[in-house]
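In case you want the letters, here they are:
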Amino acid sequence: PTVPVPVGGARAAVAAGGARARLTDPVVLGLAALAVAGLGFGAWQLRRPAERPLVPVRFLYTGSDSAEVAGNYPWPAAISPDGSTVVYSVQQPGGSGILYYRRMDQLEGHPIPGTLGASQVLFSPDGQWIAFEADGNERKVRLDGSAPATIAAGGGNNGADWTTTDELVVGATDTRHGLLKVGVAGGELEEFTHPDSAKGEGDHLWPIATPDGRAVVFTIWKGALGTARLAMASLDGGPVTPLNLKGIRPLRVLEGTLVYVQADGAVMAVPLDAARKRLTGKPVPVLDPVAVDPALNGNSAVFVSNGGALVTGQPSLLAALTWVGRDGVSHPIGRERRNYVDPRLSPDGKRIAVVLKDGSKSDVWIYDLETGTLSRLTAVGSVTSAAWSGDGTRLIYSAVSTGAKSGVWAQAIGGAVAPEPLVEVSSLLPLADVAPDGRSLLLQVSFGSGWDFDRVVLDSAHALRPFVSGAPQVLAPRFSPDGRWAAMVSFESGTPEVYIRSYPEPTVKLQVSVGGGGGPVWSADGTRLYYLSGTAIMEARLAMSPGIRIVSRDTAFTHIPNGNGNFAEANYDVSRDGSRIVIPYVASTAYPLVIVPNWITELRQRLAIGRR
């Protein structure tokens, strides 16, 4: 049985497992009573002498009204080794997140100074420090914000772990494709594994240290989630030992068991002899599937501490497609609430193409505004972006391909015609846009730990050519209606800003936003560029001759809480007359966390069932 108990911003669920745990059991009643009394997160610590709790305990946590949990990457949050503290992100007015911590015996979370823009957060083995990435550096800070320090320059959000020997181990960074290590006291990252390109290996990612701190389990990346494999290596160098195990990300080595995530989001566990670097049994499922981002190389909504505590994210947001006018008045489009992402109006304004997510699967659906029907267009399950052709007869979408490649396809609207492949690449390709004349594409592709733009002319060769490269990050390509310009988001100043570049040669550059911006969208006539600034959508009016320039910047729409999509892409679109936007509207943008402080208990139970 499950007893949901509301406690402030959290909901505790006491799951009674096994014949010994009943609702009359004093331990269960005690946990429920403590939760009702307002102790909530501290309740799980109640123990019988020298014993762990008999029942696993779960909490659903969304933060407080003034500091809601926001999604972070490459995992949603971190939990301390003993399960007593969770660290998560809270979005700030400017758009960046700051880390908060909440102890299980406290009612409120507290900000951690010095963590603005932090990602890839993890705990030190003693639970007193956290390490994270920010501004391209690996950093550390005590939970109270004291003693902040930079550990090393570099970082790619490709996984990290703090070993019991006080070394930080990170995944591929910048132009270095192997695993790297550095003492947490500070220094330079040193590469200690090297991918074997002859075997198709691209990067080594997601390292997790063994309990003795002498070796790591990690992912060998070959270009796609389906081809990723797990392996082991010693921190003092030596050969890489493949484990011959399909997996996209190891999570932890606990009590001789390797816990990891598969490409389908299933969380598995398998016995591991870490000293001999070999498996000693068969994998069994130990947790319900978690969300996996199909556009990336293993980002998944789960974190496991080295003490067996667990936190997962529930990124699915049920939303209604909604019109929002400049006066702030909203009107729902249809009645279905689904996990809609990145709506795109057709050139004639009569249809909406939208990526619809269902767990770890995503496809393009078409909403017909005249008939009020929502119909599925693609059936690949891994769509990452969609754009209309200039004449509105086709949808151009990017998706993960079979094998080790990503690609872009064209799908005719309203006809039972197979999608036409336009281009395939061996790197990650989350976003693509098509020129209005249909003769070329702009692709956002990965290079090491960053993102470049490539240009593809759709002639017989379909060759990729660099368009914008060498910048720290460039994201969210969008063609102007006449095809002469491309809007984008660049981090070249250290802050994400919206820029315009000339096309096909990027010789002219104009910064559009000031003080941060994202989600660029062109007006139908190409004389205005809309972009996100905080929770407002700005309208920049452009003059195109004698040279392109900004005439004015004005606020067009206010209080847009979820207008920014993945990769700074616009999670909205603007009507042809500019009077309203279409957006997936959700009542709350909080990112719920499921926290299991004593998950090790559940893991043991699952393993015992698996052995039987």
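Conventions adopted
Residues numbered from 1 in each chain as written. Predicted model: local features only at pLDDT ≥ 70, side-chain atom pairs only at ≥ 80, totals over all residues. Heavy atoms only, no water. Helix = DSSP H or I, 4+ residues; strand = E, 2+ residues; numbered from the N terminus. Contact = heavy atoms within 4.5 Å. Areas by Shrake-Rupley, 256 points an atom, 1.4 Å probe, with all protein chains shown as cover. Expected span 1.5 Å × (residues − 1). Buried < 20%, exposed > 50% of the residue type's maximum accessible area, 1.4 Å probe, protein only. Pairing = 2+ DSSP bridges. Salt bridge = Lys/Arg side-chain N within 4 Å of Asp/Glu carboxyl O. Phe/Tyr/Trp six-rings, centres within 6.5 Å; stacked < 30°, edge-to-face > 60°.

Trainee: Just checking my understanding: could you explain the overall build of the chain for this structure?
Mentor: Check the secondary structure of the chain and you find two helices and 53 strands. Considering only intrachain contacts with a sequence separation of at least 6, the fraction spanning at least 24 residues in the chain is 44%. Counting every atom, the chain has about 24,900 Å² of accessible surface; 50% of that belongs to carbon and sulfur.

Trainee: Quick question: what am I supposed to make of helix 2 (residues 599-611) here?
Mentor: Residues lying three or four places apart along an α-helix face the same way, a consequence of the helix completing one turn every 3.6 residues. Given a rise of 1.5 Å per residue, 13 residues ought to cover 18 Å, and the 18 Å separating the end C-alpha atoms of helix 2 matches this to within 8%. Inspection of helix 2 places Trp599, Ile600, Thr601, Glu602, Leu603 and Leu607 among the buried residues, and these make up the whole buried set.

Trainee: Sorry, what's going on with the sheet that holds strand 6 (residues 78-79) here?
Mentor: As a general point, the strands of a sheet are linked pairwise by backbone hydrogen bonds and lie either parallel or antiparallel. Read from one edge to the other, the open sheet built from four strands follows the order 6-7-8-9, with strand pairing classed as antiparallel. Of all strands in the sheet, those with a lone pairing partner are strand 6 and strand 9 (110-111), marking the two edges. Where strand 6 and strand 7 (residues 85-91) come together, two bridges link them in antiparallel fashion. Paired with Ala78 across the bridge in strand 7 is Val87.

Trainee: Help me out: how do you make sense of the pattern of salt bridges in this one?
Mentor: It is possible for side chains of opposite charge to pair when their charged atoms get near one another. If you walk through the whole model with that rule in mind, you get 17 salt bridges. Here Arg252 makes a salt bridge to Asp161, at a shortest N to O gap of 3.2 Å. Of this pair, Arg252 sits in strand 22 (residues 249-254) while Asp161 sits in strand 14 (residues 160-162), and the two are 91 residues apart along the sequence. The exposure classification of Arg252 matches that of Asp161, with both residues buried. Overlapping salt bridges bring together Arg326, Asp525, Arg528, Glu539 and Arg541 as one network.

Trainee: Explain the packing of aromatic side chains to me, please; I cannot follow it from the model alone.
Mentor: Two numbers describe a pair of aromatic rings. These are the distance of the centres and the angle of the planes. In the structure shown here, the tally under the stated rule is eight aromatic pairs. Seen from their ring centres, Trp75 and Trp206 are 6.5 Å apart, and the 55 degrees between their planes marks the pair as tilted. Taken together, the residues Trp75 in the loop between strand 5 (67-68) and strand 6 and Trp206 in strand 18 (residues 203-209) connect sequence positions 131 residues apart. Assessed through its relative accessible area of 5%, Trp75 is described here as buried. On the accessibility criterion, Trp206 (1% relative accessible area) is buried. Arranged with centres 4.8 Å apart and planes meeting at 90 degrees, the rings of Phe479 and Tyr503 form a pair that is edge-to-face. Pair noted here: Phe479 is in strand 43 (residues 474-479) and Tyr503 is in the loop between strand 45 (497-502) and strand 46 (509-511), with a separation of 24 residues, a long-range link. With respect to class, Phe479 is no different from Tyr503; both count as buried.

Trainee: In this structure, what is going on with unusual backbone geometry? I would like to understand it.
Mentor: Note: most peptide bonds trans; most residues except glycine with negative phi. Of note, the amide linkage connecting Tyr73 to Pro74 takes the cis form, showing an omega dihedral of 0 degrees. As for its placement among the helices and strands, Pro74 is situated in the loop between strand 5 and strand 6. A cis geometry characterises the amide bond from Ser545 onward to Pro546, with omega recorded as 0 degrees. For Pro546, the position within the fold is in the loop between strand 49 (536-543) and strand 50 (549-557). With a phi close to 50 degrees, Asn244 is a non-glycine residue in the positive phi region. The topology assignment puts Asn244 in strand 21 (residues 237-246). Of note, the phi angle at His559 is positive, near 55 degrees, even though the residue is not glycine. Here His559 is to be found in the loop between strand 50 and strand 51 (573-574).

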